[in-house]
Every structure is written in structure tokens, then in C-alpha cells.
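What follows is each chain in one-letter form.
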Amino acid sequence: MTANRIRDWLTGLALVLAVSTAQAATVQTQSTPSGLQIEMQSQLQPLTINQMHDWVISLTDTQGQAVNNADITVTGGMPTHDHGLATTPRITQQLGDGQYLLQGVRFHMPGLWQLELLIQIEETTYRAQVELNL
Amino acid sequence: MPRKSKLVGVLLLSALTYLAWQWVPVPLPSHWSDEQRALIESLALSQLPPLPDDTGNAVADDPLAARFGHQLFFDTRLSANNEVSCATCHMPTAGFTDGRRVAVGISATERNTMPLAGAAYSRWYFWDGRKDSLWSQALAPLEDAREHGTTRMEVARLISSTDSYRDSYEQLFGELPALEDSDRFPSRASPLGDEQSKLAWQRMDESDRHEVSLIFANIGKALAAYQRKLLPGPAAFDHYVADLQHSSSVTDSSAMSRAQLAGLKLFIGKAQCINCHNGPLFTNNDFHNTAVLSAPGVLPAAGRSEGLRLARSDPFNCTGKFSDADASECIELEFARGGDDMIGAQRTASLRNLADSAPYMHAGQIATLEEVIDHYVAADIAVIGHNEAKPLNLRAIEKRQLRAFLDALNGDLATDEQWLNAPSR
């Protein structure tokens, strides 16, 4: 395989990954310190810019049990532009079964976005980060 | 060969190489990539969704309200000197702007007049987003001493004393209260006016003040219904995108020149313009600090950090008692971002019909589009807050191509002629 073909193949793969991340609009990550599995699902499908929308955040512990009554704060921004989110989203409702409704999210630029989650459960503070390519 | 001639030769060759590097165009691709094509199509006017609902304005799409608003928009009696109407600065013959550095009503203001075509698509109004609806925005200039310089009491009196206005108003909003009792309703009164107007306002009964503010709010709603008719029409760029549906070749369409096509490629790529100037109106209608210097002798504007504070405390906002929206519908206001993060951030302007809206930026600081492009290429450090834009490594020819592309965004408004002229009385 020539260098050019490898480069084209890698570019293609990167595009497919970026698009699938944006369209699937479901992202998963682990907390630091470990102990929580976090899944975030956009309620806007496909995920597009300039539209206010909600996400459902699901928390499970290492045994796969739902984690309720967590205090979750979501911030974030675009690392390449040194700016934060366009809005100030917040958890407005606990949906039960370890699920939380995050309202007030709008991405106003295409590109790489990071969402930072601060999760307080009793005396422990967990952190997590997800990336979205829009 | 003498050493001196050799040196001249090397210098000449270097200069020629530099000039070639600056001015030789990169050939256009034969086809857009899938990603480029998706970005290009996302900018086309054909992708513009229907007008968003304005839940705060129950008459937003009422035809009578639009006709009433049309009359009000051109009425100079809505001013302290009977010479200023909305159309004084938002001139239909000049793309609903005025060609001035800053707007001049009764006297000069500090802000560049924004064009109105497609304004109804925005979530926020004014450069700093101090208003959260088109109807609420329409009220502020009326009571600004430098714009119309009138008061809500005088506006209410004008509606009440002009038969055709009274009829339209009562059909739309219900019976007008009797305003004849000058003890209850002074001739000039407002919570925002000069000292005398403010004093007169304070002396009014709370329920009378509410009646007058309600009439005033409704006038804003009629003006908004009219402005919802003002929409941008297709430009050369939109014709190009339409042609792309029949041929995938980059250069098959004659709608745009080769320089403009090269500019489009830069716009969606290397120049990163599409980051903020996205969607069919070429704006995300959001707020960014791009280190635009304040006008000479003027302190830098606080921008969105101040704008959101004002919007939240505005009695005419989405959650206020004059809004027709349920508080649960006011999600933009509820989840908006302000604070220190937004210092110096101004609203992204649409790039459609830039030919009409020079000079540019919130205080008209930059005279030409060439200079605007230079501003973004340099991306200097911001005086307040921080510049979100990063320097662009654009060659001279690329800056010229980008400038050429912006000309492909000029087009006639898609608005019926009747709305573009002063109405007959």
C-alpha cells in the first residue's frame, strides 16, 4: 500500500468515526476515580448545531446497578477555540433508574466539543469527560 | 559575474518567488468531497426552515398585525421631533440598514444598524443580545433618547387618537382604555425617559402604568409581525447550490466565478468562517469575542455579559407579564450563558447582503470587507475578554478569493413589494 493510499484510508476512517459519533449521539465514558459507567444520549437525532436540545445521562456502578440521587454538573466547550458552551445546561429532573434529564444544550459551531461532568455522590466527587465531533 | 549582480539576482528571485507564492491560485478540485458538499448545502437558502414560532407574540403571524406594524414602521410621529421612524435607520431601499457607521435618530447612537431580513430567525436581538424577542426589541429604540426619543405614554396616546390605529389595535388586542384624564395619564411619561418623564411615570397609579405598558408591548408585537415578512432571497450562491443538484462538477455551473468558488472552498475550510457564519443565514446568531477594537475614543463594549444581564431584568422579556409565552417555553432565556465568559462577545452578523450593510461590526469600526478579512487573518489579542479566533495563514490571492465569494451572497429580498415601501395612509 502506498503512503498516499494509507493516508486516504486513514482520512476516510476518521471521517466515518466523526460522522458516526455525531449521528449516533450516544456516548459512553468512565469516571475518575473509577466506579461509575456513564452513558449520555442526545434527545436530538441526528445531533445538529444551533438547536436547543436535551440529553439523558445514565449512571451505573461497577456491578451494573443504576445510581440514583447523584448531583451532576455539566460544563464544557471547544478546546481549539478556548470558549465554553453556548448555553448553561443543567439537570432538571431525575428520571429514575439512574437516569437524569440534562436540559439546555446547544452547540453553535461545528467541530470538536468536550463535555465535562462533575458527579457528586454522597462524599465522593467523580469526574468524567466526553467528546463530540459535530 | 560580479558579486553585486549575483546578490541582486538572488534578491530578485526571492521577491518573484514570494510574489508567486502570494498570488498563484491553487487549482479548484474537480468535485467537492462529500463533507464539503454537505457543508455547502447546509448554507443554501433552500435549507432555511419555516419561520420559528414566537410564542411570546400571539399576533406574530396575524395579517392584520403585519399591516398595522407596516404603518407603524414608517410613522415618524413615533418620535420626539416627528422626524424619526423605524425606517429612518432601517431603510428599505438600503437593505433595511442605513450605510452609516452608527445609527443616527434624534442624535448619534453608539451602534451600527443591523439589517432586518431574516431577523425573525434570531433568538436574540441587538449586538449584545439584550432583547430575547423581535417584539421586545422593537420597543427599545422608541424610548431611547438618541433614537426615537418618545415615551410609551405618547405612543399609547397616538394609537388612541388615530382612528385607523385605534381600529386595528382594538381588533387585535381588545378595547383601549380611555386616556383622556390627564391627571391619570400625563402627556409624556416613561420609566426610561428624561427626569420629567420618569417623575410623571412614578406619579401614575400602578394599574394605569400597567395599561400603558401593555399598549406599548402590543405595538412592539405589531411591529414584529411586519418584520417577520422581511426575508432574504436567493443569491448567486444559492443558484450555484441548485445547479449542484444536476452536476457534481465544481465548475459546471456559471452562477459563481472561479475566484468565488475558490473563496467558497476557503470559507468552509482553511479560513474557518463557517464556524460561526453557519446555516442558510450565514450566522449562528450567537455571541463571540473576535477582538474587534472599540471605536476611537470609546471604551470597549461589555457585549454579551452585559446584554444577558439586561435581557434577564427586562420587563418585556419572554417570562414577563407582557409576554404571551408560558414560562416553560422560555428555554433560551433560562439556559442562556452570560457572565465573564462572554465579556466583549457580540452577535454574529449574517453575511447575506453585505453590500448593503457597510461599514461593519457593532460600532461600524471596519469600513470594508477587505479590512474585515484582514482583521480575522491577524486575529490580534482582545483588549477585553479573549479572542476566540486564531490567526489565519491566508495568502493575498486567498483573501481576494474570500472577498469575491462574499459578493455571491447578495440577492434581492424574498419579500412582497408592498412591504418594502411606505404604506399609503
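Structure shown above.
Remember, it's a predicted structure, so these values are computed and weren't measured experimentally.

## Remarks on the environment of B:D416
Residue and element names in this part refer to chain B. Within the secondary structure, D416 sits in the segment after α16 (396-407). D416 sits in the partly exposed class, given a relative accessible area of 48%. Separated by 40 residues in sequence, D416 and Y376 place their C-alpha atoms 36 Å apart.

## Quick look at the sheet that holds strand β2 (residues 36-42) of chain A
Residues and elements named next belong to chain A. Taking strand neighbours across the sheet as the criterion, the five strands line up as β1-β2-β3-β7-β6 in an open arrangement whose pairing is antiparallel. The strands lining the two open edges of the sheet, one partner per strand, are β1 (26-30) and β6 (90-96). The sheet shows a mean angle of 25° between the axes of neighbouring strands, taken without regard to direction. When strand β3 (residues 53-61) meets strand β7 (residues 99-105), the two strands line up antiparallel, connected through five bridges.

## Here's the deal with the state of the cysteines
In a disulfide, the sulfur atoms of two cysteines are held together by a covalent bond. All names here are of chain B. Tallied over the full model, the rule gives one disulfide over all chains. Two residues share a disulfide in this structure: C318 and C330, whose sulfurs sit 2.0 Å from each other. Residues C318 and C330 are joined through a disulfide that is left-handed, its torsion about the S-S bond being -80°. Linking C318 in the loop between α12 (304-312) and α13 (331-335) with C330 in the loop between α12 and α13, this pair joins segments that are twelve residues apart in sequence. Assigned by exposure class, C318 and C330 land together as buried. Among the cysteines around C86, which has no disulfide bond, C89 carries the closest sulfur, lying 9.2 Å off.

## Digging into the packing of aromatic side chains
All names here are of chain B. Scanning all chains against the criterion turns up 16 aromatic pairs over all chains. For the pair Y169 and F173, a centre-to-centre distance of 4.9 Å together with 50° between the ring planes defines the contact as tilted. Here Y169 pairs with F173, and both are found in helix α7 (residues 163-173), just four residues apart, close to one helical turn. You can call Y169 buried: its relative accessible area is 3%.

## Considering the interface of chain A and chain B
Facing 21 residues of chain A, the contacting portion of chain B comprises 19 residues. Across the interface of chain A and chain B, roughly 1,800 Å² is buried in total on both sides, 48% from carbon and sulfur atoms. Between chain A and chain B we count four salt bridges in total. Put simply, the parts of the chain that give the side of chain A that touches chain B at least two residues each are β6 and β7 of chain A. Of the residues that constitute the side of chain A that touches chain B, the class distribution is eight nonpolar, ten polar and three charged.

## Observations regarding the nonpolar core
Residues and elements named next belong to chain B. F68, L72, F73, I159 and I219 are the most contacted members of the largest nonpolar core, which totals 51 residues. Those elements that provide at least two residues to this core are α3 (63-73), α4 (86-89), α5 (134-143), α6 (152-161), α7, α8 (195-203) and α9 (206-227). In terms of residues, this core owes the most to one element, α9, which gives ten residues. Setting aside residues no more than four positions away along its own chain, L72 makes contact with L78, I159, Y165, I219, A222 and L223. Listed in part, the 38 residues of the second largest apolar core include Y240, L261, I366 and L369.

The rules behind the values
- Residues numbered from 1 in each chain as written.
- Chains lettered and ligands numbered in written order.
- Predicted model: local features only at pLDDT ≥ 70, side-chain atom pairs only at ≥ 80, totals over all residues.
- Heavy atoms only, no water.
- Helix = DSSP H or I, 4+ residues; strand = E, 2+ residues; numbered from the N terminus.
- Buried < 20%, exposed > 50% of the residue type's maximum accessible area, 1.4 Å probe, protein only.
- Pairing = 2+ DSSP bridges.
- Axes fitted to C-alpha atoms, helices over the stretch in contact; angles between N-to-C directions.
- Disulfide = S-S within 2.5 Å.
- Phe/Tyr/Trp six-rings, centres within 6.5 Å; stacked < 30°, edge-to-face > 60°.
- Contact = heavy atoms within 4.5 Å.
- Buried area = accessible area lost by both parts, 1.4 Å probe.
- Salt bridge = Lys/Arg side-chain N within 4 Å of Asp/Glu carboxyl O.
- Nonpolar A, V, L, I, M, F, W, Y, C, P; charged D, E, K, R; others polar.
- Core = buried A, V, L, I, M, F, W, Y, C linked by side-chain atoms within 4.5 Å.

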